Amino acid sequence: MTLIRRSLFILLLICLGCVAQSAPPDLARKIEHQMRLAYTIPAEVKIKVGEIAPSSDMPGYDSVTVNIDGGEGKAKDYKFLLSKDRNTMLRVTKFDLTKDAYQELMSKIDVNGRPSRGAKGAKVVVVNFDDFECPFCSRMHSTLFPEILKEYGDRVTFIYKDYPLTEIHPWAVHAAVDATCLASQNGDAYWDFADYIHANKADVDAQKAPEARLDTIDKMALQQGQKHKLDVPKLQACVKAQNEDSVRASMKEADGLGVNATPTLFINGQKIDGAVPISQVRAALDAALRDAGEPVPAHVPDAPTPASK
């Protein structure tokens, strides 16, 4: 009986050494200073050093979680390794090679019911998180359509999702809702609206009153409804209702994918940020086609830039 009690006492001591412990104030301060300096984190962003716990990732190290909170619900935890003597902290990235990272990412994007352009059911899919009020999105849109569509439309599927930057683009959500109303009846009407508003957003911006801008967007949507012979009363009711649920769901999904600006493209999982040159889009599409075992289209060389005199 005495032997059993002694064994339990030893086990208890071992377990006490395994539980998480709060970081001492001096160590927490050093970690915070190192984080701010290494990652250029401004003073208004909050940093909280979590508890120190044993690590199973590397012998001789413990683990510590650092929470970085920039406000507006965008706090995120980062895990670090901490040496037993507390003199070294490491950031180690683990990759799960049992899965394809690109396929895993694309599986998180819900494209059910979204209008598409190009090939149907293609092995290569381009998903663009778009903002109808964003000038850089208009630039990317003009790159994709018609140029890229002409080159890749027989072997690539193009899909748009919504990510209006509400902080700086006051009418972007409204336009996205109107586009969704069109898409619910006809995919071609959606794409014609996207083409038109990206090419003519200046017509919306020219209206001084916010209400006038929204009215202009609604007129653009209704014009597409009439052009494509949609159920106009149904379209009018949808436009008037301004149900933002699907748009907000797309925005939330984009946040989870790490989207923080527009345009953001995912080409079979490869992420492209911003209105990049057409050559960069081609390179990503060609790589995706090769990975999928599909032929790459022949490219006509871009015209050389005239030499300056």
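## Some thoughts on the overall build of the protein chain
At step 1: Scanning the protein chain from terminus to terminus reveals eleven helices and ten strands.
At step 2: Residues counted as buried form 39% of the 309 residues belonging to the protein chain.
At step 3: Within the protein chain, contacts between residues separated by at least 24 positions form 65% of all contacts whose residues are at least 6 apart in sequence.
At step 4: Here the protein chain has roughly 18300 Å² of accessible surface; of this, 55% comes from carbon and sulfur atoms.
At step 5: One way to put it: in the protein chain the 38 positive side-chain charges average out to a point 5 Å from where the 41 negative ones average out.

## Remarks on unusual backbone geometry
At step 1: Pro-146 follows Phe-145 through a cis peptide bond whose omega is 15°.
At step 2: For Pro-146, the location among the structural elements is in helix H4 (residues 135–152).
At step 3: Along the chain, Thr-262 connects to Pro-263 via a cis peptide bond; the corresponding omega equals -5°.
At step 4: Take Pro-263: it is sitting in the loop between helix H10 (245–256) and strand S9 (264–267).
At step 5: Despite not being glycine, Arg-86 shows a phi value in the positive range, around 65°.

## A short note on the state of the cysteines
At step 1: Inspection of the entire model under this criterion finds one disulfide.
At step 2: One disulfide in the model links Cys-181 with Cys-238; its S-S distance is 2.1 Å. Measuring the twist about the S-S bond at about -80°, one finds the Cys-181-Cys-238 disulfide to be left-handed. With Cys-181 in helix H5 (residues 172–183) and Cys-238 in helix H9 (residues 232–241), the pair connects residues that are 57 residues apart, well separated along the chain.
At step 3: Take Cys-181: its relative accessible area is 3%, and that puts it in the buried class.
At step 4: By relative accessible area, which is 28% here, Cys-238 ends up partly exposed.

## A short note on the pattern of salt bridges
At step 1: Applying the stated rule across the entire model yields 17 salt bridges.
At step 2: Ionic pairing is found between Glu-104 and Lys-99, a salt bridge with its closest N-O pair at 3.8 Å.
At step 3: For Lys-99, a relative accessible area of 47% translates into the label partly exposed.
At step 4: Measuring nitrogen to oxygen at the nearest pair gives 2.7 Å for the salt bridge that ties Glu-253 to Lys-161. Here Glu-253 is found in helix H10, whereas its partner Lys-161 is found in strand S8 (residues 156–162), with 92 residues between them in sequence.
At step 5: It is possible to trace a salt-bridge network through shared partners that takes in Asp-26, Arg-29 and Lys-30.

## Structural notes on helix H6 (residues 187–199)
At step 1: For H6, spanning 13 residues, the distance from its first C-alpha to its last is 19 Å, which sits close to the expected 18 Å at 1.5 Å a residue.
At step 2: If you check the start of H6, you find a side-chain oxygen 2.9 Å away from the backbone N of Asp-188, and it comes from Asn-186.

## Quick word on the confidence of the model for the protein chain
At step 1: Averaged over every residue, the pLDDT of the protein chain is 91; residues scoring 70 or more account for 91%.
At step 2: Contacts for the low-pLDDT stretch residues 9–17, under 50 throughout, to residues beyond four places or in other chains number one contact.

## A few points about the side chain of Asp-130
At step 1: Within the secondary structure, Asp-130 sits in strand S7 (residues 124–130).
At step 2: One buried charged residue, Asp-130, remains without a salt bridge, the closest side chain of opposite sign being Arg-114 at 8.0 Å.
At step 3: Setting aside residues up to four positions removed in sequence, Asp-130 forms contacts with Cys-137, Tyr-160, Lys-161, Asp-162, Tyr-163, Pro-164, His-198 and Thr-262.

## Regarding the sheet that holds strand S1 (residues 21–22)
At step 1: Taking strand neighbours across the sheet as the criterion, the five strands line up as S1-S2-S3-S4-S5 in an open arrangement whose pairing is antiparallel. Both outer strands of the open sheet, S1 and strand S5 (89–90), are each paired with one neighbouring strand and no more.
At step 2: Bridge count between S1 and strand S2 (residues 46–54): two bridges; the pairing is antiparallel. In the sheet register, Gln-21 faces S2, and the bridge partner there is Ile-52.

## Here's the deal with the packing of helix H8 (residues 210–227) against H9
At step 1: Across the interface, H8 lies against H9 with an axial gap of 10 Å and an inter-helix angle of 160°. In this view, H8 runs roughly antiparallel relative to H9, as classed from their interaxial angle. Considering the relative orientation of H8 and H9, their crossing is right-handed. Listed contacts from H9 to Asp-218, Ala-221, Leu-222, Gly-225 and Gln-226 of H8 are Val-232, Leu-235, Gln-236 and Val-239.

## Things to note about the nonpolar core
At step 1: Within the largest apolar cluster, 56 residues are counted, with the highest numbers of intra-cluster contacts made by Phe-129, Phe-132, Leu-144, Phe-193, Ile-267 and Leu-285.
At step 2: The dominant element in this core, judged by the number of residues it contributes, is H5, at eight residues.
At step 3: Look past the residues within four positions of Leu-144 in its chain and what remains in contact with it is Asn-128, Leu-149, Phe-158, Tyr-160, Leu-265 and Val-281.
At step 4: Ile-31, Val-64, Ile-68 and Leu-82 belong to the second-largest nonpolar core, a separate cluster that totals 15 residues.

Cut-offs used in this document
- Residues numbered from 1 in each chain as written.
- Predicted model: local features only at pLDDT ≥ 70, side-chain atom pairs only at ≥ 80, totals over all residues.
- Heavy atoms only, no water.
- Helix = DSSP H or I, 4+ residues; strand = E, 2+ residues; numbered from the N terminus.
- Buried < 20%, exposed > 50% of the residue type's maximum accessible area, 1.4 Å probe, protein only.
- Contact = heavy atoms within 4.5 Å.
- Areas by Shrake-Rupley, 256 points an atom, 1.4 Å probe, with all protein chains shown as cover.
- Lys, Arg positive; Asp, Glu negative; His and termini not counted.
- Charge placed at Lys NZ, Arg CZ, Asp CG, Glu CD.
- Disulfide = S-S within 2.5 Å.
- Salt bridge = Lys/Arg side-chain N within 4 Å of Asp/Glu carboxyl O.
- Expected span 1.5 Å × (residues − 1).
- Polar contact = N/O pair within 3.5 Å; in protein donor to acceptor, adjacent residues only side chain to side chain.
- pLDDT = per-residue confidence, 0-100.
- Pairing = 2+ DSSP bridges.
- Axes fitted to C-alpha atoms, helices over the stretch in contact; angles between N-to-C directions.
- Parallel < 35°, antiparallel > 145°, perpendicular 65-115°, else oblique.
- Left-handed = near helix turned anticlockwise from the far one by under 90°.
- Core = buried A, V, L, I, M, F, W, Y, C linked by side-chain atoms within 4.5 Å.

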